[in-house]
2 protein chains.
Amino acid sequence: MPVSWSSLFILSKKKMMKNFKITIEYDGTSYHGWQRQKNERTIQEEIEKALLTMTGKKTVLTASGRTDAGVHALGQVANFTCDTDLSPQAFQNGLNSLTKDDIVIISCDIVDENFHSRFDAKSKTYHYKILNRNLPAAIDRQYAWFIRKRKRLDLDAMGRAISHIIGTHDFKAFEGSGSPRSHTTRCIIKADIVEQGNGLMIFEIEANGFLRFMVRNIVGTVVDVGLGKITSGDFKKILLSKDRSRAGATAPPQGLFLMNVKY
Amino acid sequence: MPVSWSSLFILSKKKMMKNFKITIEYDGTSYHGWQRQKNERTIQEEIEKALLTMTGKKTVLTASGRTDAGVHALGQVANFTCDTDLSPQAFQNGLNSLTKDDIVIISCDIVDENFHSRFDAKSKTYHYKILNRNLPAAIDRQYAWFIRKRKRLDLDAMGRAISHIIGTHDFKAFEGSGSPRSHTTRCIIKADIVEQGNGLMIFEIEANGFLRFMVRNIVGTVVDVGLGKITSGDFKKILLSKDRSRAGATAPPQGLFLMNVKY
């Protein structure tokens, strides 16, 4: 098959483009979430501004998914393509010195040109931290949902409730409005809740994908079970109902951490 | 001995005064330390303002000691006397709702009228957190001193150095200027350093009292030992020299926590 000069040029041009994968830890407290927005500070915007400074080119970051305002990450993953001689280490060092200290680039690697942070993600794991004791905490208050221990949360009942979401289900009942999705079925690989002592409880949820507000809506409803407002059986009925109006309130953002993304 | 009417009046008046002891957790990040200052937000001022709101009277707090700008506490102790019918529980609830969420009153009790938070303190315990790894942390960055792991801190050497301060010594070499003190001798009851995993190290120091910047000056000098700049023997010589100019830099405030005060 004959190859035209112009397609050869495109080929050589394409060859110079490198695809960089970065893993990011961030404290979401001061940000309006991941995604670039007009007139609001976001994580994506901060890193893209630093990339512009480093490369002189407008460079767009693609993340494994958005995180909402106030949500944190220990292992968000994003990628960007760039025609550059800069090494991954140079990008990591440069981005870490150009962004504020509430954003840390944990790793940077050159990956296959076809790698896509969102489409190639096999699963994501979130943690949600709840502090259930008599008094709130001054230290670390920005990293947990404080629920006053008028009544101790019933961990067993919460565990029973959350076990119902394991497997493949339609999560329409736990979906926030404005989800960018083609369908509402997701597969939950792991769902667990453990007590860490001193009133700290950690939810761990791993799934092949998440709808908007899904973790926080599940947590809010599981907490209703813990408080005895509904039973774990009611929780299952809510899941099956696919009716958002029956689920509990959305848990606040500061307890939520995107822990890692598997590819 | 005859008792005059006026002294009887003073006696009955005095009887109505109650002495309240409070234990306080605070995140020092947004404060210029404990002690009231002109034109700066301080912990003392925030709580005294809340006491004024609750009692309608100017009420002065006496703490176990000052903490400097940016230093945290999990168990600071203070007391105030007040002619009031309010219960300790009412004070605790009221102060917690009137102060911001970076200040939490952990407990409030009526104590002997002669109790004095500073003079009666038998010992105080501080923790100092160091994060020694390749990358800083975005989460919890406001609660530790990040020391980049170009070279791993030598924990054994640091342990040997810190063991030299146990017992009664003149700590003039580790004293910051402006200490309100009559002498510079203090008794160290416990001094230890432990590794917590993932690069986190915690110094624990208990003493009958501390000079200004004493913990942070000790930590700064012990870190010089950890980095191999000086030996643990040098550290001992610095202590014995009583010469501040020979000690290391003052460690930054955000790693320091006043853990508890014993009476």
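In case you missed it, the structure is sitting above this.
Residues numbered from 1 in each chain as written. Chains lettered and ligands numbered in written order. Predicted model: local features only at pLDDT ≥ 70, side-chain atom pairs only at ≥ 80, totals over all residues. Heavy atoms only, no water.

Focus: the nonpolar core
Membership of the largest hydrophobic core comes to 65 residues, with the highest contact counts inside it found for Ile-47, Ile-130, Ile-165 and Phe-174 of chain B. Looking at this core, you find at least three residues from each of domain 1 (5–111) and domain 2 (123–262) of chain B. By size, the runner-up hydrophobic cluster in this structure holds 61 residues, among which are Ile-43, Ile-130, Met-201 and Met-214 of chain A. (Core = buried A, V, L, I, M, F, W, Y, C linked by side-chain atoms within 4.5 Å. Buried < 20%, exposed > 50% of the residue type's maximum accessible area, 1.4 Å probe, protein only. Domains from an automatic or database assignment.)

A look at the packing of aromatic side chains
According to the stated counting rule, one finds 18 aromatic pairs over all chains in the structure shown. A ring pair is formed by Phe-115 of chain B and Tyr-263 of chain B, whose centres lie 4.9 Å apart and whose planes are at 65°; its orientation type is edge-to-face. Remark: Tyr-263 of chain B occurs in the segment after strand S10 (256–262) and Phe-115 of chain B occurs in the loop between strand S4 (103–111) and strand S5 (123–133); sequence separation between them is 148 residues. Using a relative accessible area of 12% as the deciding quantity, one classes Phe-115 of chain B as buried. When its relative accessible area of 28% is taken as the criterion, Tyr-263 of chain B is described as partly exposed. Clustering of aromatic rings is evident, with ring pairs tying together Phe-20, Phe-80 and Phe-91 of chain A. We note Arg-212 of chain B situated over the ring of Phe-213 of chain B; from NZ or CZ to the ring centre the distance is 4.7 Å. (Phe/Tyr/Trp six-rings, centres within 6.5 Å; stacked < 30°, edge-to-face > 60°. Helix = DSSP H or I, 4+ residues; strand = E, 2+ residues; numbered from the N terminus. Lys NZ or Arg CZ within 6 Å of the ring centre and 35° of its normal.)

Focus: the environment of Glu-25 of chain A
Position of Glu-25 of chain A relative to the elements: it lies in strand S1 (residues 17–26). Taking relative accessible area as the criterion, Glu-25 of chain A reaches 6% and is therefore assigned buried. Residues Glu-25 of chain A and Asn-260 of chain A lie 235 residues apart in sequence; the distance between their C-alpha atoms is 9.9 Å. Within the structure, Glu-25 of chain A has its side chain in polar contact with the backbone nitrogen of Ala-138 of chain B (distance 2.8 Å). (Polar contact = N/O pair within 3.5 Å; in protein donor to acceptor, adjacent residues only side chain to side chain.)

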